[in-house]
Structures are given as structure tokens and as C-alpha cells.
Amino acid sequence: MKKRRNGVHVHHHTLKTIRAVVVGKDGVGKSALTVRFLTKRFIGEYDRTLEATYRHHLLVDGQFVPLDIMDTAGKNSTEKMQLCMSFAELFFVVFSTTDRTSFEEASLLARYIIQGKPLGPTGPTIMIVGTKADLEFAREVEEQEGRLLAEELSCGFYQVSNAEGYLETQELLFDSVKRCLDKGKSSALTRVREGIVETAKSFRKRSLGHEVAKSQREGLQGTRLRSFSDVDPIHEASKVKSSSQEDLSQDGENHRNSVVSTASF
Ligand SMILES: Nc1nc2c(ncn2[C@@H]2O[C@H](COP(=O)(O)OP(=O)(O)O)[C@@H](O)[C@H]2O)c(=O)[nH]1
Ligand SMILES: [Mg+2]
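Predicted model only: the values in this text are computed from it and were never measured. (Residues numbered from 1 in each chain as written. Chains lettered and ligands numbered in written order. Predicted model: local features only at pLDDT ≥ 70, side-chain atom pairs only at ≥ 80, totals over all residues.)

> Just checking my understanding: could you explain the nonpolar core for this structure?
One broad rule of soluble globular proteins: the nonpolar side chains tend to lie buried together. Formed by 50 residues in total, the largest nonpolar core has its most connected members in Phe91, Val93, Val94, Met127, Ile128 and Val129. Discounting residues that sit within four places of it in the chain, Phe91 has contacts with Val21, Val23, Ile113, Pro124, Ile126 and Met127. (Core = buried A, V, L, I, M, F, W, Y, C linked by C-beta atoms within 7 Å. Buried ≥ 20, exposed ≤ 12 C-beta atoms within 10 Å, placed from the backbone. Contact = placed C-beta atoms within 7 Å.)

Written out as C-alpha cells, the structure is:
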């Protein structure tokens, strides 16, 4: 089905939802980046412990692509990474260009993801993202270092400023989603088919209970859905257990893990 909207052909197919996760050391700008993805704004201060999943829709090449994006917080334990890996096909592995330890952690996180979910036509899409490019005076990681790491690991690479750049973060988001759509397994036709099944299911079983059961089946034990609506931007909030095993972070700080909030930006 095709409709013209503002002179552009819009396909009214429902594609399968792309599930993305934003990981990286505390303070690197994951929440700022997520908010930039969802809105045009940069707020400046975000609840450091907030861990939430948002629903967003993008118009990519004339097709609406539903996107669920999980903004994580706290220590990056192996348990948490496993949870992220069972949830997502698209990973934003974020570091701050002003914090070398965050770059080292990003490297570890990306390698950990690839080890568990090898890249390739049916594998995940990983984007390594260096933030705070506006803070040139405080720079500890050169752009080239980020680029080289991404090349070595066959990941995408972007250097952005959440504070100053809206367009560059949008470009990152669209490029990432397109990479996901281009993956062999996720051919447009398969996605449309899966999207139709997904839509049919949600019409039949649109209840909170079903969503909770579904997320638990998918390995998101510990995830609690506070609100359920198809309205942007807040879709659901997640709570992740804080009992962790091996800590993948460099500094080993004991961060409080994931408080749930449905505060809107
Ligand atoms: N100058 C600047 N500050 C940023 C940028 N991204 C995030 N911040 C700031 O860095 C701090 C931590 O950001 P936040 O998104 O909470 O990090 P998170 O812990 O990874 O979610 C906040 O004070 C943000 O305002 C950026 O690109 N440039
Ligand atoms: Mg945050």
C-alpha cells in the first residue's frame, strides 16, 4: 500500500521493530544521545540511574520503521550485557572523547558483544560512538583512535557532540537503522512479513500482561513495564537486577543500577 504525503511516497507497511540498546561507561552521554535520538533537544542533566526503553518511529526510505531503544545505566556487568544482547540487534557502544577509560571500556563492551553474537549478515549491528566532541580542550581520545577501533572490529563509527549537534546524531541514527535494515536476514520483505505478524498479534493481545510475559520469554527477566502505550516517546521503562557477576568496567565503581522512571523529556 502506498500513499502520497507531502509529495513523497509513503509505504504503509508495518516493519518489524528494530531493537537498539545504548551501552557505555557512566557519564559518557548515553542518555543525552538517546534524548537527541528521540527529540531535538539537549537538556544537560539527566538522571544518572535512569534506565528506560523508548519507542520511536522513523521514516526511512518511505517506510515507517518502529524502533525500541534502551538507554542503560550503571555498571556494565556480564549479566547486564547478556540482557542487552538478548534484547537488541543494534548496539550503540558509547565512549566520551574526554575520558580514555570510557574508550577502553567501549572496546571491551564491543568485543564482548561480538564474542557472543558474531557480526555478519545475520549478526548484530554495532556502532561505536565518541561523544563530547565539542569539549576539544578536554580531549583524551583522538577521532582516529575511535575510527581505528571501529575498523578493527568491523563496526560503524561516529564522533558527535550531543550538546551541539542535532543533525549529526540524526545521521548516526538513520545510518544505523539503515544498516540494520540492510542486513541479509532482515530483508525488506522478511521485515514486512514479520511486521504484519507482529501487528496482528498486538491487535489480538494488547494487554500489559501479555507484554510482560513476552519480555520475560525473551529473556528480559527483571524487566518491569510501568506503562504501556504506543504513543511516542515513552513506551516502557525497564528495571534490571543489580546482582552482577563479572564487572566489565575499568574502574569497578559500585554504581546503583537502574531506577525506573517515566519522566518525559
Ligand atoms: N559538552 C557535552 N556534554 C555532554 C555531551 N553528552 C553528554 N554530556 C554531559 O555529560 C554528562 C553525562 O551525560 P549523560 O547523558 O547523563 O551520561 P550517561 O551516564 O552515559 O547517560 C551530562 O552532564 C551531560 O550534559 C556532549 O556531547 N557534550
Ligand atoms: Mg544515563
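> Sorry if this is basic, but what is going on with the pairing of strand β3 (residues 18–24) here?
The two faces of a sheet get side chains in turn, since along a regular strand they alternate between them. Across the seven residues that make up β3, a large majority, six, are buried. Summarising the sheet, β3 and strand β5 (residues 63–71) pair through five bridges and their orientation is parallel. The residue bridging Arg19 from the neighbouring strand is Asp68, located in β5. Direction of pairing for β3 relative to strand β6 (residues 90–96): parallel, over a ladder of five bridges. Bridge pairing links Val21 to Phe91 in β6. (Helix = DSSP H or I, 4+ residues; strand = E, 2+ residues; numbered from the N terminus. Pairing = 2+ DSSP bridges.)

> Explanation requested: the environment of Leu33 in the structure shown.
Tracing the chain through its elements places Leu33 in helix α1 (residues 30–38). For Leu33, a count of 25 C-beta atoms within 10 Å gives the class buried. Separated by 127 residues in the primary sequence, Leu33 and Val160 place their C-alpha atoms 9.1 Å from one another. Excluding its chain neighbours within four sequence positions, the residues that come into contact with Leu33 are Val22, Phe92, Val94, Val129, Thr131, Asn162 and Thr169.

> I keep staring at the site of ligand 1 and nothing clicks. Help me out?
If you check the shell around ligand 1, you find 19 residues, and the closest are Gly29, Lys30, Ser31, Ala32 and Asn162. Here the element with the most residues in the shell around ligand 1 is α1; it accounts for three residues. Within the shell around ligand 1, the residues separate by chemical class into five nonpolar, eight polar and six charged. (Near = placed C-beta within 6 Å. Nonpolar A, V, L, I, M, F, W, Y, C, P; charged D, E, K, R; others polar.)

> How do you make sense of the environment of Val60 when you look at a structure like this?
By secondary structure assignment, the location of Val60 is in strand β4 (residues 52–60). The sequence separation of Val60 and Val177 amounts to 117 residues, and the corresponding C-alpha distance is 8.3 Å.

> It is not clear to me how unusual backbone geometry should be interpreted in this structure. Could you clarify?
Trans is the prevailing form of peptide bonds, just as negative phi is the prevailing case for residues other than glycine. The phi torsion at Asp61 lies on the positive side, around 50°, for a residue other than glycine. Relative to the elements of secondary structure, Asp61 occurs in the loop between β4 and β5. You will see that Lys132, though not glycine, has its phi angle at about 60°, which is positive. Here Lys132 lies in the loop between β7 (125–131) and α4 (143–153).

So yeah, pure geometry; function would need other evidence.
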